[in-house]
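Structure assessment
Listed here are the chains, written in short residue letters.
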Amino acid sequence: MSDSNRPTVVIGVTGCVAIYKTCEVIRLLQKRGVRAKVIMTQHACGFIDPTMFRSLTREPVAVGLFDDPSDPIHHISLAKEADVFAIVPCTVNVIAKIACGIADDLLTTTALATIAPIVIAPAANVNMYEARVSKENRDRLRARGVRMVEAESGYLACGDEGRGRMAEPADIVEAICAELGMSRDLEGKKVLVTAGPTVEPVDPVRYLSNRSSGKMGFEIAKAAARRGAEVFLVTGPVALGDPAGVETVRVETACEMLDAVERRFEEVDIAVFAAAVADMRPATPASRKLKKGSDADALARIELVENPDILATMAHRKSRQVVVGFAAETDDVVENARRKLRSKGADYIVANFVGEGGAFDADDNEVVVVGADGDRSYPRLPKAAVADALFDCILGDR
Ligand code: C5P
């Protein structure tokens, strides 16, 4: 971020009639305190003179790779300056070039050089947009983590009807702000999250529990709060502080967790059950510490009873709530998650691959979000990014 106070979005502009909407995208971004800098392709300059973007952004507009004599590696400095690189509008040609790694002008070179999140708002004639190769190219970029703001259907500048009209500026700005961590798309919503392990007492000093760190649930609560929701977090014992702006309730056992969840469930819009709830608890915890010698028999034969399944209980009581559960799996991840989706009555199951390192104390996670309409796979991502991806899924952003 070159400007210490404002996030910077570098906007690549390609040659397409939808370019007139780019001006509105810039204006809306500026209203939200974002600094915009523009790179244009030569074809884009055929539609609009760079003076337009220079005047709007009050920044130099870059076109040629070697235009700026004071900056011999212009594409690298622009790539580094970007907190997000957005291409608005993006032709099928430029999408194809980026999908193949072609870098033959300032815009495509910057796309390859940047490590910032990339947002692409495609626009094209319906046949060009729907062409199999164009779809495949968009899928390839999406699979690499590019946020694609799909074109809409309607009347096109060429006179045809169909998909290809660039998304509305407000939707493009929302996608860019989401990548900047500035999205407020959960404003007015209430979100309940469970996190961490539960601990089930054996006696006053011993308990049954698991290795959950609570990090995933806490990131979900933080993401919801960042995006404007009122958030209730019910967590088992973890070594994490209360997230700012989140009403946090600390519990110990599964029964206490269910009790805390029941108090809030009715009023929430989204409930995410990320806690690793102990499946069993000792039937009758001893009131005094069990001794190795004299109580050896009791210690060797702790009778267990099943804990309530909080997710299933609440999912079967839901009215308007979107209910999300987690499933840690080592194999047949998607099939197991789909089975859990049905048996628990959830709207989504986030299946995480528990590989050799496990997902419990890690800072990142590799997930597939399984819903009634299909699955969405994500590469290994920081847990904060997984949390945002989950809310994007729920809100149907992608
Ligand atoms: O059945 P399993 O434990 O694999 O399901 C995991 C999902 O169910 C998680 O979302 C977890 O939070 C939830 N769960 C629950 N109460 C239980 C057990 C699991 O809410 N007793």
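Refer to the structure presented above.
Figured I'd write up the structure that's included with this text. Since this is a predicted model, take the numbers as computed values, not measurements.

Section: helix H15 (residues 383–394)
- With 12 residues, H15 should cover 16 Å at 1.5 Å per step; its first-to-last C-alpha distance of 17 Å lies within 8% of that length.
- Judged by how many residues are buried, H15 sits mostly within the fold: 10 of 12 residues are covered.

Quick word on the environment of Ile-220
- On the secondary structure map, Ile-220 appears in helix H10 (residues 215–226).
- You can call Ile-220 buried: its relative accessible area is 0%.
- Apart from residues lying up to four places away in sequence, Ile-220 is in contact with Val-193, Val-272, Ala-274, Phe-326, Ala-387, Leu-390 and Phe-391.

Digging into the nonpolar core
- Within the largest apolar cluster, 35 residues are counted, with the highest numbers of intra-cluster contacts made by Val-9, Ile-11, Leu-29, Met-40, Phe-53, Ile-172 and Ile-176.
- Elements with a contribution of two residues or more to this core: strand E1 (8–13), helix H1 (20–31), strand E2 (35–40), strand E3 (84–90), strand E4 (118–122) and helix H9 (169–179).
- Counting residues in hydrophobic clusters, the runner-up holds 33 residues, among them Ala-195, Ala-223, Ala-225 and Phe-326.

Re the site of the ligand
- In the vicinity of the ligand, the contacting residues are Phe-273, Ala-275, Val-277, Pro-308, Asp-309, Ile-310, Leu-311, Gly-325, Phe-326, Lys-340 and Lys-344.
- Taken by itself the ligand offers 450 Å² of open surface, and the protein chains cover 83% of this.
- Within the residue set of the shell around the ligand, elements represented by two or more residues are helix H13 (310–315), strand E16 (322–329) and helix H14 (333–344).
- Partitioning the shell around the ligand into residue classes produces 7 nonpolar, 1 polar and 3 charged.

A few points about the sheet that holds E16
- Taken in spatial order, the 8 strands make up an open sheet running E12-E11-E8-E13-E16-E17-E19-E20, and their pairing is mixed. Edge positions in the sheet fall to strand E12 (246–250) and strand E20 (374–377), since each has one partner strand and no second. Ignoring strand direction, the axes of neighbouring strands in this sheet form an average angle of 15°.
- Relative to strand E17 (residues 348–353), E16 runs parallel, the two sharing 6 bridges. Bridge pairing in E17 links Val-324 to Tyr-348.
- With respect to the sheet, helix H11 (residues 254–265) is in contact with strand E8 (190–195), strand E11 (230–235), E12, strand E13 (270–273) and E16, its orientation differing from that of E8 by roughly 175°.

Criteria and thresholds
Residues numbered from 1 in each chain as written. Predicted model: local features only at pLDDT ≥ 70, side-chain atom pairs only at ≥ 80, totals over all residues. Heavy atoms only, no water. Helix = DSSP H or I, 4+ residues; strand = E, 2+ residues; numbered from the N terminus. Expected span 1.5 Å × (residues − 1). Buried < 20%, exposed > 50% of the residue type's maximum accessible area, 1.4 Å probe, protein only. Contact = heavy atoms within 4.5 Å. Core = buried A, V, L, I, M, F, W, Y, C linked by side-chain atoms within 4.5 Å. Near = heavy atom within 4 Å. Areas by Shrake-Rupley, 256 points an atom, 1.4 Å probe, with all protein chains shown as cover. Nonpolar A, V, L, I, M, F, W, Y, C, P; charged D, E, K, R; others polar. Pairing = 2+ DSSP bridges. Axes fitted to C-alpha atoms, helices over the stretch in contact; angles between N-to-C directions.

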